[in-house]
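# Overview (structure and organization)
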Amino acid sequence: MMEKTIYKANFDDLREILQLQYLAYQSEADLFGDRNIPPLRQTLEELIDEHKAGVILKMLDHDGNIIGSVRAKEDNGTVYIGKLIVHPQHTCRGYGTMLLNEMEQYFPKKRYELFTSTRSEKNIKFYQRMGYKIFKRKEVNDELQFVFFEKYAG
C-alpha cells in the first residue's frame, strides 16, 4: 500500500471534492437504479456551508490529486461523520480506514455517528469492522432505509 497524505481541505479544494463525490456515489446510485440521490444533487454552495460548519479532510495521491475525503461536524458531544468517499480506482486499499481513523483523531474521545443505506452491504461490513454498532434504522420510503451506526471513543 502506497503511503497517502491526509490534510484538512481548504476552500479551494471543495470543487474537486464535489466532483469526486459525484464519481464515488455512482455505485450507490446503481444500488437503487436512481441518479437522484442527495449526494449526486449536492451543490457547491451546500458543500461550502458544510466546510464552514465542520471539518472536511482530503487524501492526496503522489501527484496531489484528491482521491478521498470525509467530513464531520460536532454537535453536543457527538461527531456526525458523512460522505466518506474514495475514488473508484483506489478502493479496497485501506484508504477509507485511514480517512475514518484520521477524522476520529481530529475529534478525540467523542461519540461518533454515521449512516448508510441498508443496500450498501460493503459499507455496513466496513463500519462494523471499524468498531461501529447499529443503533437505529430509519425508513425513508419503500425503496430506501438507512442504518445508523455509533461508536464511543475514549
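Further up the page is the structure itself.
This section reports on the structure supplied with the text. What you see is a predicted model; the values in this text were computed from it and never measured.

Below, the discussion takes up unusual backbone geometry. The residue Lys-83 is not glycine, and still its phi comes out positive at about 50°. Mapping Lys-83 onto the fold places it in strand β4 (residues 78-86). Here the phi dihedral of Cys-92 falls at roughly 60°; this positive angle occurs in a residue that is not glycine. Topologically, Cys-92 is positioned in the loop between β4 and α5 (95-106). According to the relative accessible area criterion, Cys-92 is exposed, its value standing at 72%.

Turning our attention to the packing of aromatic side chains. Enumeration over the complete set of coordinates arrives at 7 aromatic pairs. Aromatic pair Phe-135 and Phe-148: ring centres 6.4 Å apart, planes at 70°, arrangement edge-to-face. Residue Phe-135 is located in strand β6 (residues 133-139), and its partner Phe-148 is located in strand β7 (residues 145-152); the two are separated by 13 residues in the primary sequence. Under the relative-accessibility criterion, Phe-135 is labelled partly exposed at 31%. For Phe-148, a relative accessible area of 10% corresponds to the buried category. Ring pairing ties together the aromatic residues Phe-115, Phe-135, Phe-146 and Phe-148, which thus form one cluster. The ring of Phe-135 carries Arg-111 above its face, with NZ or CZ at 5.0 Å from the centroid.

What follows is about the pairing of strand β3 (residues 66-75). Extensive coverage of β3 is indicated by the burial of 7 of its 10 residues. In this sheet, β3 lies alongside strand β2 (residues 55-60) in antiparallel orientation, the contact comprising 6 bridges. From the neighbouring strand, Ile-56 faces β3, where its bridge partner is Arg-71. In textbook terms, the turn of a hairpin is the stretch between consecutive antiparallel strands, and for β2 and β3 this stretch comprises 5 residues, one of which, Gly-64, has a positive phi near 85°. Note that β3 and β4 share 7 bridges and pair antiparallel. The residue of β4 that forms the bridge with Glu-74 is Val-79. Turn length for the β3-β4 hairpin, with the two strands adjacent in sequence and antiparallel, is 2 residues, and the turn residue Asn-76 shows positive phi of about 50°.

Conventions used here
Residues numbered from 1 in each chain as written. Predicted model: local features only at pLDDT ≥ 70, side-chain atom pairs only at ≥ 80, totals over all residues. Heavy atoms only, no water. Helix = DSSP H or I, 4+ residues; strand = E, 2+ residues; numbered from the N terminus. Buried < 20%, exposed > 50% of the residue type's maximum accessible area, 1.4 Å probe, protein only. Phe/Tyr/Trp six-rings, centres within 6.5 Å; stacked < 30°, edge-to-face > 60°. Lys NZ or Arg CZ within 6 Å of the ring centre and 35° of its normal. Pairing = 2+ DSSP bridges.

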